[in-house]
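# A look at the structure
One letter stands for each residue in the lines below.
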Amino acid sequence: MNLILLGPPGSGKGTQAKRLVQRYEIPQISTGDILREAVKEGTPLGREAKRYMDEGKLVPDEVVVGIVRDRLKGLDCQKGFILDGFPRTIAQAEALDRILGEMGRGIDHVIDIEVDKEELLRRLTGRRTCKRCGAMYHVVFNPPKADGVCDRCGGELYQRDDDKEETIRERLRVYEGQTAPLVEYYEKKGLLRRIDGTGGIEEVEARILKAIGDKG
Ligand code: ADP
Ligand code: AMP
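Residues numbered from 1 in each chain as written. Chains lettered and ligands numbered in written order. Predicted model: local features only at pLDDT ≥ 70, side-chain atom pairs only at ≥ 80, totals over all residues. Heavy atoms only, no water.

## Overview of the overall build of the chain
- For the chain, the helix and strand inventory stands at nine helices and eight strands.
- In terms of overall size, the chain behaves like a compact globule, its C-alpha atoms giving a radius of gyration of 17 Å where 216 residues would be expected to give roughly 17 Å.
- In the chain, which comprises 216 residues, the share counted as buried stands at 47%.
- In the chain, the share of contacts with a sequence separation of at least 24, taken over all contacts with a separation of at least 6, comes to 69%.
- In the structure as shown, the chain presents an accessible area of about 11,100 Å², 49% of it carried by carbon and sulfur atoms.
- Counting 38 positive and 38 negative side-chain charges, the chain places the averaged centre of each group 2 Å from the other. (Helix = DSSP H or I, 4+ residues; strand = E, 2+ residues; numbered from the N terminus. Rg over C-alpha atoms; globule rule 2.2 N^0.38 Å. Buried < 20%, exposed > 50% of the residue type's maximum accessible area, 1.4 Å probe, protein only. Contact = heavy atoms within 4.5 Å. Areas by Shrake-Rupley, 256 points an atom, 1.4 Å probe, with all protein chains shown as cover. Lys, Arg positive; Asp, Glu negative; His and termini not counted. Charge placed at Lys NZ, Arg CZ, Asp CG, Glu CD.)

This is the structure:
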């Protein structure tokens, strides 16, 4: 199954992608995670990307398209994949269509997770991530058992640099301007599945499974 998770920052794409990975045994391809890893390692890609990420702007299309093109060639993507945070512009969506077309593949469903702006702000300001395994928490909505420590691996939890209120507001503006037009793009192709992203994590997951025709 080839899935795209669309939706604004904080809508729960990463949280839901990790659950779908377990269920379908296909990889999550998060361009945000790949870029953050490059920043951490201090590679040339990381150094270029950091300038944009710190300001809440999008990294240039050709950079992220190159990342995804390479990643989709991975053997682990043969059974399917979950794109999380890509595409984010019409140009990226068109490039993805070309890349998949050349591979003789296509997208099965595009899940648009809808959450209002106030809730997005609450979610992003309280988000914490495990440094070691990438597990996601929220200080109020999904807290770890011990403060600052990952339940799963004992790793240290941290707050992303771009989860500061000012940067969050810029990321939401960028989403409205550059990414929201993808809703119509995929609607026209008959691939869009709109999901109410409010309520509990399991409730949202159940809505996604229903929308993609998984009867469990
Ligand atoms: P995205 O990948 O779309 O930016 P995340 O999956 O990182 O979003 O979720 C953002 C924050 O919201 C995280 O702290 C996560 O724990 C929390 N979260 C995710 N889904 C829900 C939900 N259904 N209800 C409340 N909080 C949620
Ligand atoms: P995310 O983890 O998806 O919230 O992404 C964090 C940041 O990485 C974004 O604010 C962008 O700066 C950058 N980024 C991630 N994915 C993309 C993409 N598809 N296109 C451009 N920039 C991206």
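Following the structure, the description resumes.
## Let's talk about the packing of helix α4 (residues 61–72) against helix α5 (residues 90–102)
- Contact geometry for α4 and α5: axes closest at 10 Å, N-to-C directions at 30 degrees. Of the possible angle classes, the one that applies to α4 and α5 is roughly parallel. When you trace α4 past α5, the crossing you get is right-handed. Residues Asp61, Val64, Val65, Val68, Arg69 and Leu72 of α4 pack against Ala91, Gln92, Ala95, Leu96, Ile99 and Leu100 of α5.
- Here the contact of α4 with α5 is built from residues that sort into nine nonpolar, one polar and two charged. (Axes fitted to C-alpha atoms, helices over the stretch in contact; angles between N-to-C directions. Parallel < 35°, antiparallel > 145°, perpendicular 65-115°, else oblique. Left-handed = near helix turned anticlockwise from the far one by under 90°. Nonpolar A, V, L, I, M, F, W, Y, C, P; charged D, E, K, R; others polar.)

## Some details on the site of ligand 1
- In the neighbourhood of ligand 1, 19 residues make up the surrounding shell, with Gly10, Thr15, Arg127, Tyr137 and Gly199 lying closest.
- Contacts to ligand 1 include Gly14, whose backbone N or O atom sits 2.9 Å from an oxygen atom.
- Put simply, the parts of the chain that give the shell around ligand 1 at least two residues each are α1 (13–24), β6 (136–138) and α9 (201–211).
- Looking at the shell around ligand 1 residue by residue, the class counts come to seven nonpolar, nine polar and three charged. (Near = heavy atom within 4 Å. Polar contact = N/O pair within 3.5 Å; in protein donor to acceptor, adjacent residues only side chain to side chain.)

## What to know about the side chain of Asp162
- Looking at where Asp162 falls in the secondary structure, it is placed in the loop between β7 (157–158) and α7 (165–179).
- In this structure the side chain of Asp162 is engaged in a polar contact, spanning 3.0 Å, whose partner is the side chain of Arg160.

## Some points on the site of ligand 2
- The immediate surroundings of ligand 2 are formed by 16 residues, with Thr31, Arg36, Lys57, Gly85 and Gln92 found nearest.
- At 3.0 Å from a nitrogen atom of ligand 2 is found a main-chain nitrogen or oxygen belonging to Gly85.
- Per-element accounting of the shell around ligand 2 gives the leading share, four residues, to helix α2 (residues 31–41).
- Residues of the shell around ligand 2, tallied by class, amount to six nonpolar, four polar and six charged.

## Looking at the pairing of strand β4 (residues 109–114)
- The buried fraction of β4 is high, at five of six residues.
- When strand β1 (residues 2–6) meets β4, the two strands line up parallel, connected through four bridges. Directly across from Ile4, in β4, lies its bridge partner Val110.
- Across five bridges, β4 lies against strand β8 (residues 192–196) in parallel orientation. Bridge pairing in β8 links Glu114 to Asp196. (Pairing = 2+ DSSP bridges.)

## Regarding α2
- Among the residues of α2, those classed as buried are Thr31, Gly32, Leu35 and Ala38. Relative to the axis of α2, the buried residues are bounded by an arc of 125 degrees and lie together on one face. α2 presents Lys40 and Glu41 as exposed residues on the side facing more than 90 degrees away from its buried surface.
- Close packing links the buried residues of α2 with β2 (28–30), α3 (44–54), α4 and β3 (81–84). (Arc of directions from axis to C-beta.)

## A few points about the packing of aromatic side chains
- For the coordinates displayed, the defined rule picks out one aromatic pair.
- Between Tyr185 and Tyr186, the aromatic rings sit 5.0 Å apart at their centres with planes inclined by 90 degrees, giving edge-to-face as the arrangement. (Phe/Tyr/Trp six-rings, centres within 6.5 Å; stacked < 30°, edge-to-face > 60°.)

## Re the nonpolar core
- Counting residues in each nonpolar core, the largest one holds 30 residues, and the members touching the most others are Leu72, Phe81, Leu83, Leu96, Ile107, Val110 and Tyr186.
- When contributions to this core are tallied by element, the ones reaching two or more residues are β1, α3, α4, β3, α5 and α8 (181–188).
- Apart from the residues lying within four places of it in its own chain, the contact partners of Leu96 are Ile4, Val68, Leu72, Leu83, Phe86, Pro87, Ile107 and Tyr186.
- In this structure, Leu5, Tyr24, Ile111 and Ile195 belong to the second largest nonpolar core, which totals 14 residues. (Core = buried A, V, L, I, M, F, W, Y, C linked by side-chain atoms within 4.5 Å.)

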